[in-house]
Structure formats: C-alpha cells, structure tokens
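The chain contents come next:
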Amino acid sequence: MPDKPTPVASERFSLPGHAIVAMRGADAVTFAQAQFMNDVNTLPAGHWHWNGWLSAKGRVLALFALLKFEDGTLWLLLPDGDAAALVEGLRRFVFRSKVTLATSDDLRVSGAFASAAACGGAISGNPDDGVELDLGADAGPRTLRIDTQCAPVDAVAARRWDAFDLRHGLPRLLQDQREQWTPQQLSLSRLNAYSVKKGCYPGQEIVARTHFLGQAKRGLVVLDTDATLLPGVEVRAGEQRLGSVVSTADGVALAVMGEAAEGDAVRIDGQRARVATLRGGLAR
C-alpha cells in the first residue's frame, strides 16, 4: 500500500501515547547501565539511542529512546505504554542508588515531517527549553519535539507517523504485546537497540545465548493490508501458521514471523496481506 501524501512540513502535531520518564542523580547512568539492554556508558552526552527494559526471561517489557543530557540526567521517551507503571517497576531495583525516577507529566511530545536541526543521534536543544530528535529514515525526514507546548491534534498525521515507525521496524508495543518477544524476534538489532557486550542486565544471558548460538528463527516482517486488525492475530499461509501481528497502524502490520510465503498467499485473520519491504535508516 503506498504511503499517504506527506503533511505540510512546517506543521507540528501531537503524538498521543508518547510519554517521558526522567532519571536524575549521581547514579543515573550506572542504574540505567545495569537495567537496560543497550550500552548507556558509551552513549555520549547530548545524544540518544534506542534502548529497552527486559524481563528476566529476556522478553521486552518496554522499548524507548534514551536521551543522555549529562551523566546525572537521562530521559526515557516511551512511544507507547504506561510511564507510571515503568517508573514503579524500576523503583523496585533502586535500593541505595542515588537516582530518582519520575514521570514528566508537564512535557508534551509532537512530530513534524520535516528535517531536524540535529541529525542522527544528536539532541538539539536542552531540557529546560525543549529538545528535538531526528527520527527521519529512508522514507524521508521527521522531527520529534519534546517541550511544554501542546501541538494541534491531527489524527491523519499521527497515524502516518505510527505507520512510518512500523515500516522502518520500530514496534509499537501495546500492553498485550509486552513481555512476549525477545529483542531478536523484534529484529531490534536493525535499530542498534541492544548490546551483547556491555555486561549484565535483566535477560542478558538469554539475549547473548540467542545471539551467539544463532537460535532466532523468527523476526519482523512488514505487511500491507486493507483489513482493520488488532495485535495478536495470527499470520497464516493456508494451514501453516507463520507468526502473529505485533503492531498495526493505518493499513500496515508488523508481524513476528518465520519465512514468509509468496505475497498473495499470506493472510491475517482470514484477510489477504501483502509482504512489503522493511525499510531502514531508523537506527541510531
């Protein structure tokens, strides 16, 4: 299915569901390094990367962008999910660490299909006045902004933003899709979102074993469909179950699957689906 026309580049629009968790304190980086699946120590100040929190069984509980302003200030940008629940879960592991975690309810997240001031993984701006991230990829430019201002609601543009994420391999994990998938099943190596070298973190042993033994048999596939779908439905080819849908947006489905059959043989919830190309350029 072809992309919809790009909205006017100068227009900003609200990104509903996005939330910010702030981590502050002398041990903020140390705590994040011990809990999250990507290497926070090697991330330069003033930059961001994709990261996540795993269960002890190596399943993704939360997937987010981690912004590092300085060693004592980190932000987690959650595209989906309950920020308060993530804070509550992480607080169980703080113990004596000098770190505070809190939702930033005064901050708003907006997007625009326009070029960012800073490219790649650099952060433009500062926490006090607002920051911008480059979320552009192969399909074109995008800028995400975090500040205290409310942007207009544009449901069409927001759906296009979500579909862009899916086409470039960024899963949008609703509640029933959390703690279901390993980083390898979600093909998160395409986003440089996890490390097998940084040392211990929850689920690290499973992630490393899967990586070094090459045991991942399934990964992400993007599908175009005319049907209205819900995450969790099966992807089939005849009687063969290929996998299941992880995320959907605006006629796009992102599924964890084994090897796909020929395009018109694939069906989701009984509806025909077309295997599309998983695009690149969203890694940071």
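It should be noted that the structure appears before, not after, this text.
Attention in this report is confined to the structure presented alongside it. Bear in mind the structure is a predicted one, so any value in this text is a computation, not a measurement. (Residues numbered from 1 in each chain as written. Predicted model: local features only at pLDDT ≥ 70, side-chain atom pairs only at ≥ 80, totals over all residues. Heavy atoms only, no water.)

1. Section: the overall build of the protein
Turning to step 1, where the next piece is worked out: A count of helical and extended segments in the protein gives four helices and 16 strands.
Turning to step 2, where the next piece is worked out: Taking 284 residues into account, the globule formula puts the C-alpha radius of gyration at 19 Å, and the protein, at 19 Å, falls close to it.
Turning to step 3, where the next piece is worked out: Evaluated residue by residue, the protein yields a buried proportion of 53% over its 284 residues.
Turning to step 4, where the next piece is worked out: Across the protein, every contact between residues at least 6 apart in sequence was considered, and the portion connecting residues at least 24 apart equals 69%.
Turning to step 5, where the next piece is worked out: As displayed, the protein offers around 12800 Å² of accessible surface, 49% of which is attributable to carbon and sulfur atoms. (Helix = DSSP H or I, 4+ residues; strand = E, 2+ residues; numbered from the N terminus. Rg over C-alpha atoms; globule rule 2.2 N^0.38 Å. Buried < 20%, exposed > 50% of the residue type's maximum accessible area, 1.4 Å probe, protein only. Contact = heavy atoms within 4.5 Å. Areas by Shrake-Rupley, 256 points an atom, 1.4 Å probe, with all protein chains shown as cover.)

2. Focus on the sheet that holds strand β2 (residues 19-24)
Turning to step 1, where the next piece is worked out: Judged by pairing direction, the sheet is antiparallel, and its five strands sit side by side in the order β3-β4-β5-β2-β6 without closing on themselves. Two strands bound the open sheet, and with one partner strand each, they are β3 (47-54) and β6 (100-103). Going across the sheet, the axis of each strand differs from the next one's by a mean of 25°, ignoring polarity.
Turning to step 2, where the next piece is worked out: Pairing between strand β4 (residues 60-70) and strand β5 (residues 73-78): five bridges, direction antiparallel. Within the sheet, the bridge partner assigned to Glu70 lies in β5 and is Thr73.
Turning to step 3, where the next piece is worked out: This element, helix α1 (residues 28-35), spans β2, β3, β4, β5 and β6 of the sheet and lies at about 120° to β2. (Pairing = 2+ DSSP bridges. Axes fitted to C-alpha atoms, helices over the stretch in contact; angles between N-to-C directions.)

3. Observations regarding the sheet that holds strand β11 (residues 219-225)
Turning to step 1, where the next piece is worked out: Spatial ordering of the closed barrel is given by β11-β14-β13-β12-β15-β16, a layout of six strands whose pairing is antiparallel. In this sheet, adjacent strand axes meet at a mean angle of 45° when their direction is disregarded.
Turning to step 2, where the next piece is worked out: In the packing of helix α3 (residues 155-167) onto the sheet, the strands contacted are β11, β13 (240-249) and β14 (252-257), and the crossing angle to β13 comes to about 140°.

4. As for the environment of Arg24
Turning to step 1, where the next piece is worked out: Take Arg24: it is sitting in strand β2.
Turning to step 2, where the next piece is worked out: Setting aside residues no more than four positions away along its own chain, Arg24 makes contact with Gly72, Thr73, Trp75, Lys98, Val99 and Thr100.

5. Remarks on the layout of surface pockets
Turning to step 1, where the next piece is worked out: Counted as a void, the largest pocket has a volume near 370 Å³.
Turning to step 2, where the next piece is worked out: Along the wall of the largest pocket there are 20 residues; nearest its centre are Leu61, Ala62, Asp82, Leu86 and Arg178.
Turning to step 3, where the next piece is worked out: Secondary structure elements with two or more residues in the lining of the largest pocket: β4 and α2 (83-91).
Turning to step 4, where the next piece is worked out: Here the residues of the lining of the largest pocket are counted per class, giving eleven nonpolar, three polar and six charged.
Turning to step 5, where the next piece is worked out: Its boundaries defined by the atoms lining it, the second largest pocket holds a volume of some 220 Å³.
Turning to step 6, where the next piece is worked out: Contributing to the lining of the second largest pocket are 17 residues, with His18, Ala19, Leu107, Arg108 and Val109 lying nearest its centre.
Turning to step 7, where the next piece is worked out: For the lining of the second largest pocket, the elements supplying multiple residues, two or more each, are β2 and β7 (108-112).
Turning to step 8, where the next piece is worked out: Broken down by class, the residue content of the lining of the second largest pocket amounts to nine nonpolar, six polar and two charged. (1 Å grid on protein atoms, 1.4 Å probe; cavity = no way out; pocket = protein on both sides within 12 Å on 5 of 7 lines; lining within 4 Å. Points joined across faces, edges and corners; volume = space filled by probe spheres on them. Nonpolar A, V, L, I, M, F, W, Y, C, P; charged D, E, K, R; others polar.)

6. With respect to α3
Turning to step 1, where the next piece is worked out: Here α3 spans 18 Å end to end across 13 residues, near enough to the 18 Å set by a 1.5 Å rise per residue.
Turning to step 2, where the next piece is worked out: Listing the buried residues of α3 in full gives Ala157, Ala158, Arg160, Trp161, Ala163, Phe164, Asp165, Leu166 and Arg167.
Turning to step 3, where the next piece is worked out: Each element contacted by the buried residues of α3 is listed here: β1 (13-14), β7, β10 (143-147), β11, β13 and β14.
Turning to step 4, where the next piece is worked out: For α3, the N-terminal cap is Asp154; the gap from its side-chain oxygen to the backbone nitrogen of Val156 is 3.2 Å.
Turning to step 5, where the next piece is worked out: Downstream of α3 by a residue or two, Gly169 has a phi angle that is positive, lying close to 85°. (Expected span 1.5 Å × (residues − 1). Polar contact = N/O pair within 3.5 Å; in protein donor to acceptor, adjacent residues only side chain to side chain.)

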